[in-house]
Amino acid sequence: MTNQIIFTLNGKSIAAGPHETIWQVAKREGTRIPHLCHLDEPGYNADGNCRACMVEIEGERVLAASCQRKVGEGMVVRTDTERADKSRRMVFELLASDMRKAEEGPDGLSSFWQWANLFGINAGGRLAGDRALDGHDITNPAIAVNLDTCIACGLCVRACREVQVNDVIGMGGRGQGTFPVFDLGDDMGLSTCVTCGECVQACPTGALYEKSLMDEAGKTRVVHEFDKEINSVCPFCGVGCQTTVRVKDNKIVQVDGRDGPANENRLCVKGRFGFDYAMSTERLTKPLIRRDDAPKQADIDMRKMDILDVFREATWEEALEKAASGLKEIRDSRGGAALAGFGSAKGSNEEAYLFQKLVRQGFGTNNVDHCTRLCHASSVVALLEGVGSGAVSAPFTDAMKADCIVAIGC
């Protein structure tokens, strides 16, 4: 590391970069400092308004917000002094005095209550709060708003404005009556919010939270713990956004963004909230074969029919044999040219390779195509003419290396 700065953190000599903050270095060194209004993720800038990360610097009269204070040569920093600890405790105690108890709120597992529990703090302690925000909004199909747990940290505003650049959320009111608003004070579901959920992932208290974890009224959390967390990849498109999937009773109940080169913890509305199809009652869970006495109609509407009036349940072996025999019969009687394969963008590269191999070697035809020809036909032509390949030539992050970016149809 060039231009290193040497300073002391809790009695230990540490080397840091010239643009690193005390909080960043402490995190790297394994020293935990409470934080509420700051996320050490791409796109977020330190705000320093919650004062939960205060540390003591030798020779300075007042405590410093570690999320904003840059390290300096020869600086002596202590995170574990009685003065710094009392200051941080008081911040959490004051904030908790205006909130419902953790077990009564929408998110007793939030980062706020995790830190507060370490300090032994709960709502309804020796301090009596009078900040009476009771805004409750469930007009958004996926997100519930519970302002009685809001601490006005501003993270949701920065998530919407600086990270996702949607600029839907702002802060309304004054003083202790400050609270987040959507557009010009609209209900969240009636605003221009695109339901990306970045504000939900950023919120440290549960003032904004997934309705999938709450009761129908959106006020009480019904899923308090998860059976398991699974690192996965979003199944909706080919960008490759990485996700953390949380499961309860063998059902997906929450999806968060995970740090990856394509998404850097971000997700769109589909990736974060579009998982209910996996538990849909209309989803097929067993192989089905058309009954011999069922009519074959191309325009049949089965939405109001019992599926077992047309199909019968079968084993995988029987269903695969039935499908294979039908394809073999057409190939043998009419030739491979009578068959074709149409691939999916949701398949992996390996699955796409196996699929085209099945069509070319199994069917004996080159009639294999991909859904890109339909939805991205124009961009495929442009890429072929411009770079010689119809596939995307670079990851999204390479845009940061470009001298010029042309955006069309935005």
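Residues numbered from 1 in each chain as written. Predicted model: local features only at pLDDT ≥ 70, side-chain atom pairs only at ≥ 80, totals over all residues. Heavy atoms only, no water.

Peer 1: Talk me through the overall build of the chain; I want residue IDs and the actual numbers.
Peer 2: Broken down by element type, the chain carries 10 helices and 17 strands. Since a compact globule built from 410 residues should have a radius of gyration of about 22 Å, the 28 Å found for the chain marks it as more spread out than a globular shape. Principal axes of the C-alpha set define a box for the chain whose edges measure 90 × 50 × 40 Å. In the chain, which comprises 410 residues, the proportion classed as buried is 36%. Within the chain, residue pairs in contact and separated by at least 24 positions form 54% of the contacts whose partners lie at least 6 positions apart. (Helix = DSSP H or I, 4+ residues; strand = E, 2+ residues; numbered from the N terminus. Rg over C-alpha atoms; globule rule 2.2 N^0.38 Å. Buried < 20%, exposed > 50% of the residue type's maximum accessible area, 1.4 Å probe, protein only. Contact = heavy atoms within 4.5 Å.)

Peer 1: Can you break down the nonpolar core residue by residue, with the values?
Peer 2: Most often, soluble globular proteins keep nonpolar side chains buried together rather than apart. Formed by 23 residues in total, the largest nonpolar core has its most connected members in Leu 36, Tyr 44, Phe 92, Phe 112 and Trp 113. The leading source of residues in this core is helix 3 (residues 111-118), at 4 residues. Among residues more than four places away in sequence, those in contact with Tyr 44 are Leu 39, Leu 155, Arg 158, Ala 159, Val 163, Glu 198, Ala 202 and Arg 266. Judged by nonpolar contacts, the second largest core, of 21 residues, contains Phe 7, Ala 16, Trp 23 and Cys 67. (Core = buried A, V, L, I, M, F, W, Y, C linked by side-chain atoms within 4.5 Å.)

Peer 1: Talk me through the side chain of Thr 79; I want residue IDs and the actual numbers.
Peer 2: Summarising the element assignment, Thr 79 is placed in the loop between strand 5 (76-78) and helix 2 (82-96). Every residue in contact with Thr 79, bar those within four places of it in the chain, is listed here: Leu 9, Asn 10, Thr 31, Ile 33, Val 55, Ala 84 and Arg 88.

Peer 1: Quick rundown of the sheet that holds strand 10 (residues 208-210)? Include the residues and the values.
Peer 2: Strand order in this open sheet of 3 strands is 6-7-10, and the pairing throughout is antiparallel. If you trace the sheet from one side to the other, it starts and ends with strand 6 (136-137) and strand 10, each paired once. (Pairing = 2+ DSSP bridges.)

Peer 1: Before we move on, could you go through the packing of helix 2 against helix 3 and cite the residues and values that matter?
Peer 2: Viewed as axis vectors pointing N to C, helix 2 and helix 3 meet at an angle of 125 degrees, and their least axial separation amounts to 10 Å. Relative to helix 3, the element helix 2 is oriented oblique. Seen from above, helix 2 lies across helix 3 with left-handed handedness. Residues Phe 92, Leu 95 and Ala 96 of helix 2 form the contact with helix 3, whose participating residues are Phe 112, Trp 113, Trp 115 and Ala 116. Here the contact of helix 2 with helix 3 is composed, by residue class, of 7 nonpolar, no polar and no charged. (Axes fitted to C-alpha atoms, helices over the stretch in contact; angles between N-to-C directions. Parallel < 35°, antiparallel > 145°, perpendicular 65-115°, else oblique. Left-handed = near helix turned anticlockwise from the far one by under 90°. Nonpolar A, V, L, I, M, F, W, Y, C, P; charged D, E, K, R; others polar.)

Peer 1: Kindly report on the side chain of Ser 191, identifying the contributing residues and their values.
Peer 2: If you trace the backbone, Ser 191 turns up in the loop between strand 9 (179-182) and helix 5 (198-202). At a separation of 2.8 Å, a polar atom in the side chain of Ser 191 contacts the main-chain carbonyl oxygen of Met 188. Only 3.2 Å separates the side chain of Ser 191 from the backbone nitrogen of Cys 193, close enough to count as a polar contact. Once residues within four sequence positions are removed from consideration, Ser 191 is found in contact with Val 168, Phe 182, Asp 183 and Asp 186. (Polar contact = N/O pair within 3.5 Å; in protein donor to acceptor, adjacent residues only side chain to side chain.)

Peer 1: Requested: an account of unusual backbone geometry, with residues and values cited.
Peer 2: Its identity is not glycine, yet Asn 250 carries a phi of approximately 65 degrees, on the positive side. Residue class for Asn 250 comes out exposed when judged on its relative accessible area of 68%.

Peer 1: Residues and numbers for the pairing of strand 2 (residues 12-16), please.
Peer 2: Note: strand 1 (residues 5-9) against strand 2, 5 bridges, orientation antiparallel. Bridge pairing in strand 2 links Ile 5 to Ala 16. If you look at the hairpin formed by strand 1 and strand 2, you'll find 2 residues sitting between the two strands, and Asn 10 has a positive phi there, around 50 degrees.

Peer 1: Can you break down the packing of aromatic side chains residue by residue, with the values?
Peer 2: The full count for this structure, using the stated rule, is 4 aromatic pairs. Ring geometry for Phe 92 and Phe 112: centres 5.5 Å apart, planes at 35 degrees, overall tilted. Here Phe 112 lies in helix 3 and Phe 92 lies in helix 2, a separation of 20 residues in the sequence. One exposure class covers both Phe 92 and Phe 112, and it is buried. Centroid distance Phe 236 to Tyr 277: 5.8 Å. Interplanar angle 80 degrees. Geometry classified as edge-to-face. (Phe/Tyr/Trp six-rings, centres within 6.5 Å; stacked < 30°, edge-to-face > 60°.)

Peer 1: How would you sum up the sheet that holds strand 5? Please name residues and give values.
Peer 2: What the 5 strands build is an open sheet, ordered 2-1-5-3-4; its pairing is mixed. Edge positions in the open sheet fall to strand 2 and strand 4 (64-65), since each of these has one partner strand only.

Peer 1: Summarise the pattern of salt bridges; cite the residues concerned and give the values.
Peer 2: Enumeration over the complete set of coordinates arrives at 22 salt bridges. For Lys 27, the salt bridge goes to Asp 40, with nearest N and O atoms at 3.6 Å. Taken together, the residues span a long stretch of sequence, with Lys 27 in helix 1 (residues 22-28) and Asp 40 in the loop between helix 1 and strand 3 (54-57) at a distance of 13 residues. Notably, a salt bridge pairs Arg 89 with Asp 85, separated by 2.9 Å at the nearest N-O pair. Of this pair, Arg 89 and Asp 85 are both found in helix 2, 4 residues apart, which corresponds to roughly one turn of the helix. Asp 85 gets classed as partly exposed once you look at its relative accessible area, which sits at 25%. (Salt bridge = Lys/Arg side-chain N within 4 Å of Asp/Glu carboxyl O.)

Peer 1: I'd love a proper account of the layout of surface pockets, names of residues and values included.
Peer 2: Of the pockets and cavities examined, the second largest pocket occupies roughly 960 Å³. Lining the second largest pocket are 36 residues, and of these Leu 39, Ser 111, Gln 114, Gln 201 and Arg 246 lie nearest its centre. Among the secondary structure elements, those contributing two or more residues to the lining of the second largest pocket are helix 1, helix 3, helix 5, strand 10, strand 12 (242-248) and strand 13 (251-257). (1 Å grid on protein atoms, 1.4 Å probe; cavity = no way out; pocket = protein on both sides within 12 Å on 5 of 7 lines; lining within 4 Å. Points joined across faces, edges and corners; volume = space filled by probe spheres on them.)

Peer 1: Pulling in residues and values, what's your account of helix 2?
Peer 2: Its 15 residues place the ends of helix 2 21 Å apart at the C-alpha level, agreeing with the 21 Å of an ideal helix rising 1.5 Å per residue. What helix 2 keeps buried is the set Ala 84, Arg 88, Val 91, Phe 92, Glu 93 and Ala 96. In this structure, the buried residues of helix 2 make contact with strand 3 and helix 3. (Expected span 1.5 Å × (residues − 1).)

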